[in-house]
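Analysis of the macromolecular model
Here is how the chains run, residue by residue.
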Amino acid sequence: MLHGWTLSPLGALLLGLMGTLASGSEFQHHRYEELVRALFAVQSECPYITRIYSVGRSVEGRHLYVLEFSDNPGIHEALEPEFKYVGNMHGNEVVGRELLIKLSQFLCEEYRAGNQRIMRLIHDTRIHIMPSMNPDGYEVAARQGPEFNGYLVGRGNAKEVDLNRNFPDLNALMYHYEKNDRRNHHLPLPDNWEQQVEPETLAVIKWMQNYNFILSANLHGGAVVANYPFDRSRDPRIRGRTTYAATADDKLFKKLARSYSYAHSWMHQGWNCGDFFDEGITNGASWYSLSKGMQDFNYLYTNCFEITLELSCDKFPPVSSLPREWMGNREALVSYMEQVHHGIKGMVYDENNNPIASAEISVAGINHDVTSGVEGDYFRLLLPGTYTVTASAPGYLPSTSTVTVGPAEAIQLHFYLKAAPKQQNLNVKAHHGKKNLSSSKVPLKLGPR
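Now for a look at the structure at hand. (Residues numbered from 1 in each chain as written. Predicted model: local features only at pLDDT ≥ 70, side-chain atom pairs only at ≥ 80, totals over all residues. Heavy atoms only, no water.)

Along the backbone of the protein there are 13 helices and 18 strands. A buried classification covers 59% of the 449 residues belonging to the protein. Partitioning the contacts of the protein with sequence separation of at least 6, the portion at a separation of at least 24 is 77%. Surface summary for the protein: the accessible area is close to 18,000 Å², and the carbon and sulfur share equals 51%. (Helix = DSSP H or I, 4+ residues; strand = E, 2+ residues; numbered from the N terminus. Buried < 20%, exposed > 50% of the residue type's maximum accessible area, 1.4 Å probe, protein only. Contact = heavy atoms within 4.5 Å. Areas by Shrake-Rupley, 256 points an atom, 1.4 Å probe, with all protein chains shown as cover.)

Scanning the entire structure with this criterion turns up 2 disulfides. Between the sulfur of Cys46 and that of Cys108 lies a disulfide, 2.0 Å long from S to S. The chirality of the disulfide connecting Cys46 with Cys108 is right-handed, given an S-S dihedral of about 90 degrees. Residue Cys46 is found in the loop between helix 3 (32-45) and strand 1 (50-57), and its partner Cys108 is found in helix 4 (residues 95-113); the two are separated by 62 residues along the sequence. Like Cys46, the residue Cys108 is buried in the burial classification. There is a disulfide in this structure between Cys273 and Cys313, and the S-S distance comes to 2.0 Å. On the sign convention where negative is left-handed, the bridge of Cys273 and Cys313, at about -85 degrees about the S-S bond, is left-handed. (Disulfide = S-S within 2.5 Å.)

We now examine the sheet that holds strand 5 (residues 213-220). Here 8 strands make up an open sheet; going across it, the order is 1-2-4-3-5-10-6-9 and the pairing mixed. Each of the sheet's edge strands pairs with one partner strand only, and the pair in question is strand 1 and strand 9 (281-283). In this sheet, neighbouring strand axes are inclined to one another by 25 degrees on average, regardless of whether the strands run parallel or antiparallel. Relative to strand 4 (residues 126-130), strand 2 (residues 63-69) runs antiparallel, the two being bridged by 3 bridges. Among the inter-strand pairings, Phe69 is bridged to a residue of strand 4, identified as Ile127. Against the sheet, helix 3 touches strand 1 and strand 2, its axis set at about 20 degrees to strand 2. The strands that helix 11 (residues 294-301) touches are strand 3 (82-87), strand 5, strand 6 (223-228) and strand 10 (305-312); relative to strand 10, the one it contacts most, it runs at about 165 degrees. (Pairing = 2+ DSSP bridges. Axes fitted to C-alpha atoms, helices over the stretch in contact; angles between N-to-C directions.)

Backbone torsion omega between Pro229 and Phe230 reads 0 degrees, so that peptide bond is classified as cis. On the secondary structure map, Phe230 appears in the loop between strand 6 and helix 9 (250-263). Within the chain, Glu279 stands out as a residue other than glycine whose phi angle is a positive 65 degrees. If you trace the backbone, Glu279 turns up in the loop between strand 8 (275-276) and strand 9. The class of Glu279 is partly exposed, set by a relative accessible area of 24%.

A word on the pairing of strand 14 (residues 377-380). Of the two faces of strand 14, the one carrying Asp377 and Phe379 and the one carrying Tyr378 and Arg380 are both buried. The sheet contact formed by strand 11 (residues 344-350) and strand 14 spans 4 bridges and is antiparallel. Directly across from Gly346, in strand 14, lies its bridge partner Tyr378.

What follows is about the pattern of salt bridges. As a working rule, side chains carrying opposite charge can pair if their charged atoms are close by. Counted according to the given criterion, the structure contains 22 salt bridges. One salt bridge in this structure joins Arg155 and Glu93, with 3.7 Å as the shortest N-O distance. One end of the pair, Arg155, is in the loop between helix 6 (135-144) and helix 7 (171-180); the other, Glu93, is in the loop between strand 3 and helix 4, and 62 residues separate them in sequence. With relative accessibility at 3%, the residue Arg155 sits in the buried group. Looking at Glu93, the relative accessible area reads 2%, which means it is buried. Of the charged contacts, one joins Arg232 and Asp169 as a salt bridge, the two residues approaching to 2.3 Å between their closest N and O atoms. On the criterion of sequence distance, the pair formed by Arg232 in the loop between strand 6 and helix 9 and Asp169 in the loop between helix 6 and helix 7 is long-range, its members being 63 residues apart. By sharing partners, the salt bridges in this structure join Glu93, Arg155, Asp162, Arg165 and Lys315 into a single network. (Salt bridge = Lys/Arg side-chain N within 4 Å of Asp/Glu carboxyl O.)

See the structure below:
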């Protein structure tokens, strides 16, 4: 692995000067067949650092393709974090779709050209890019085209279901648990949840279950702002006014949102699309409350920290505007991926140096734990500072260490857990909450998210 995650001015300059394939190729709106061809063209040009796979199919049978970038495609390497971008969740919000196709081309070309920053990123990160989560909705929107596309036409999937209102509602369960000092991560899914979601949503949840994603962004359109959790208000009775819903990692999420906003050419300026967002960021519930959204689900069900990126005032802009959107977002797309390399990471072992999967990693003062992956490695995004960190697992005595995190690459902190005495081992119990929790239904506001 290569190391060093503080971007130098020279690195930024190199990124700006290079990119012949991505910046020089023609821009277009890619229909499904064209999108598939574009992805396979990248895979053909960079076969040793890419892999294409499908996580499932849409209602109408279109594949939800992912293009992976890694120096060992198809393999999780211990201590190498997993990152994902998801675009086109709303079928008529197309800028993210086109930017992710362009980003894929750019990463391939820059790697081949020897761009050290891009090479380091691909060597040290397993990157997963899904240009379209809603290919059926896109086809509906594309048939109308940029000139005539309405605000809602093609937003949902083939059954006109809004996929960003379709994930299991774990917020209500989390807010209930907060009052009782109960489980703060990897919350249980409701009974029969697979029958309650759309095929696209089901495929993405299964994807999350199969990969230990650490950082993610979900690309939308209709505004220009970096939106961070929670999306859903803690008080469902509030009507007609906004209320901030902070996560336990609120300061970290603000930093992640700012990392995109300030690397973007104009998002950080605040005034866009007739709205003002200070520094170009917003808490989701502070903007408006949204239930069953994907970014909150990531945080509450997996180890992944996700934000929602609103990238354009026009949901389906003309092709002529795409070069400007690419140049405005290019540096932000790359620098956001680099944020996955901050905080702490390490291995959790037993006394015989066997890795321990699903060990809980807790940080004193932050009521949100993460878990180790199947190979025993863990990743915990943190701001610079000094932290007390504890690793624990059923059948083992917990282990605690103090660590100081800097502004550069993640600090490695390994844990070695001793087996608990048998009597104590019998008393180890997993904490599980209720799988179903009724809550008041909040009317859906069909804003950009």
